[in-house]
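One-letter residues, chain by chain:
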There are 2 protein chains.
Amino acid sequence: MPAPRLYDYAASCNAYKVRLLIAQLELDVERVEVDIFAGETLTDDFRSLNPARTVPVLELADRRTLPESGAILWHLADASPLLPADSWTRTQVLRWLLFEQADLLPATGGLRFRLQTGRWQAGSAPAQARHAAGVEVLRLLDDHLRGRAFVVGDSYTIADIALYGYTHVAHEAGLPMDDFPHVDAWLARVVGQPRYMNDVVPYPPNARVGTGRSIYG
Amino acid sequence: MPAPRLYDYAASCNAYKVRLLIAQLELDVERVEVDIFAGETLTDDFRSLNPARTVPVLELADRRTLPESGAILWHLADASPLLPADSWTRTQVLRWLLFEQADLLPATGGLRFRLQTGRWQAGSAPAQARHAAGVEVLRLLDDHLRGRAFVVGDSYTIADIALYGYTHVAHEAGLPMDDFPHVDAWLARVVGQPRYMNDVVPYPPNARVGTGRSIYG
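Since the structure is predicted, the reported quantities are computational estimates derived from the model, not experimental observations.

Peer 1: Would you explain the overall build of chain A in this entry?
Peer 2: Looking only at helices and strands, chain A features 8 helices and 4 strands. Here chain A has a C-alpha radius of gyration of 17 Å; the compact-globule value for 217 residues is 17 Å, and the two agree. Its C-alpha atoms give chain A principal-axis dimensions of about 45 × 45 × 25 Å. In chain A, the proportion of contacts linking residues at least 24 apart, taken out of those at least 6 apart, comes to 72%. Total accessible area computed for chain A in this model is approximately 8600 Å², and 52% of it derives from carbon and sulfur atoms. One finds the centroid of the 21 positive side-chain charges in chain A at a distance of 4 Å from the centroid of its 26 negative side-chain charges.

Peer 1: Is there a simple way to think about the interface of chain A and chain B in this case?
Peer 2: Many analyses report the size of an interface as the accessible area lost when the parts associate. Of the residues lining the interface, 36 residues belong to chain A; the matching set on chain B comes to 36 residues. Approximately 3300 Å² of surface area, both sides summed, lies buried where chain A meets chain B, with 64% of it carried by carbon and sulfur atoms. Counting the contacts that link chain A with chain B gives 2 salt bridges. Among the salt bridges present, the one from Arg47(A) reaches Asp143(B), with a minimum N-O distance of 3.1 Å. Taken together, the links from chain A to chain B amount to 4 residue pairs in polar contact (both at pLDDT 80 or more). Of all the secondary structure elements, the ones that give two or more residues to the side of chain A that touches chain B are β4 (65-67), α3 (69-77), α4 (87-107) and α6 (125-145) of chain A. With 12 residues, the single largest contributor to the side of chain A that touches chain B is α4(A). Of the residues in the side of chain A that touches chain B, the class split is 19 nonpolar, 8 polar and 9 charged.

What counts, and where the lines are drawn
Residues numbered from 1 in each chain as written. Chains lettered and ligands numbered in written order. Predicted model: local features only at pLDDT ≥ 70, side-chain atom pairs only at ≥ 80, totals over all residues. Heavy atoms only, no water. Helix = DSSP H or I, 4+ residues; strand = E, 2+ residues; numbered from the N terminus. Rg over C-alpha atoms; globule rule 2.2 N^0.38 Å. Contact = heavy atoms within 4.5 Å. Areas by Shrake-Rupley, 256 points an atom, 1.4 Å probe, with all protein chains shown as cover. Lys, Arg positive; Asp, Glu negative; His and termini not counted. Charge placed at Lys NZ, Arg CZ, Asp CG, Glu CD. Buried area = accessible area lost by both parts, 1.4 Å probe. Salt bridge = Lys/Arg side-chain N within 4 Å of Asp/Glu carboxyl O. Polar contact = N/O pair within 3.5 Å; in protein donor to acceptor, adjacent residues only side chain to side chain. Nonpolar A, V, L, I, M, F, W, Y, C, P; charged D, E, K, R; others polar.

This is the structure:
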């Protein structure tokens with residue numbers, strides 16, 4: 001059986017979350033870099049991997065495919081300490097995976113994407129509205145982390161990895177991270193985990209065309 | 001032990017999803033209506049239930065609380081046929097719960113909310129952009145449902161309930177549902193499930209103030 005493959009993009013923190021988990025669990029996964037700004041997610045081949053044309057996508061050895069970073073984290077961490085078996089703990093992990101994708105990502109990673117690629121100018125009306133949303137979601141996360149070492153329970157889980165992904169680059173979107181001391185301390189705890197790695201790069205400047213889908217654009 | 005409580009709002013399809021599951025599994029859950037446009041999610045009491053100030057929130061008999069509709073569905077359906085135990089099936093359910101909250105909800109339910117409450121006018125630039133996103137996500141769902149009876153596997157699961165929530169009112173946001181025949185047939189299959197119920201109402205017109213949070217607004 002071949003190793004599973006991760007269809008990946010270096011600047012995407014959704015993809016980085018999976019790279020981080022793979023490193024921490026020491027999994028054998030082949031990395032396939034996809035240049036989203038060269039149209040490589042717009043091909044028929046990529047559509048067969050993921051009709052939504054997003055990265056990351058995990059392709060298993062038996063060719064089953066799985067999009068959605070949170071679902072990939074869940075699949076790869078199942079039966080590991082990073083996704084405890086307890087039902088209530090799993091429900092809490094799921095809660096934070098949903099919050100991260102629906103609320104935190106648009107207001108941090110979505111803003112970073114649009115500013116770095118030149119879709120929005122800093123200080124423009126849409127950027128200001130998204131910045132305000134970013135402050136709100138980071139305030140929620142900061143309040144949650146007051147008195148807690150990790151997002152769910154007492155140990156490091158994929159909920160931490162999921163939330164770390166875009167939070168750790170939120171300063172690149174101009175968000176005022178000094179205002180969130182509990183987030184700051186938690187980011188440092190994530191960095192201190194065994195086999196931590198970080199290879200995220202910024203999006204290319206003025207990469208205005210290529211991904212081509214309005215829902216991600 | 002008292003019954004669990006659902007903090008609920010009739011026009012919210014995130015809340016309706018949970019009401020539908022409760023009806024279908026015949027669970028004993030007390031419904032507590034929260035008037036989001038009268039500031040009832042902005043009180044200190046509500047904050048202690050859910051700092052993000054959204055509905056629905058499930059309060060268990062032992063006072064533990066759970067926000068996020070997808071996590072509530074998961075918790076309540078665990079050990080029922082609506083959330084099969086098989087690991088890969090659960091991963092697929094999770095994939096669609098994430099897609100629904102991150103992609104489908106903003107482009108359907110988010111548009112419906114803003115049009116019905118008078119935040120946006122139909123045909124305005126933000127409404128047109130969101131409409132285009134709605135067409136894309138419904139196209140993805142329609143393509144997925146071609147040749148499938150249900151969203152995951154061969155049986156009705158909480159992935160169907162989650163996606164049904166805002167899809168079944170997407171026409172209220174002006175989305176062209178006649179263009180999505182596989183979605184249409186699937187909506188009818190959901191309606192045909194045992195103990196199906198539907199008590200969703202529109203948002204009140206011109207409800208311009210009240211929820212008060214930029215990330216939901």
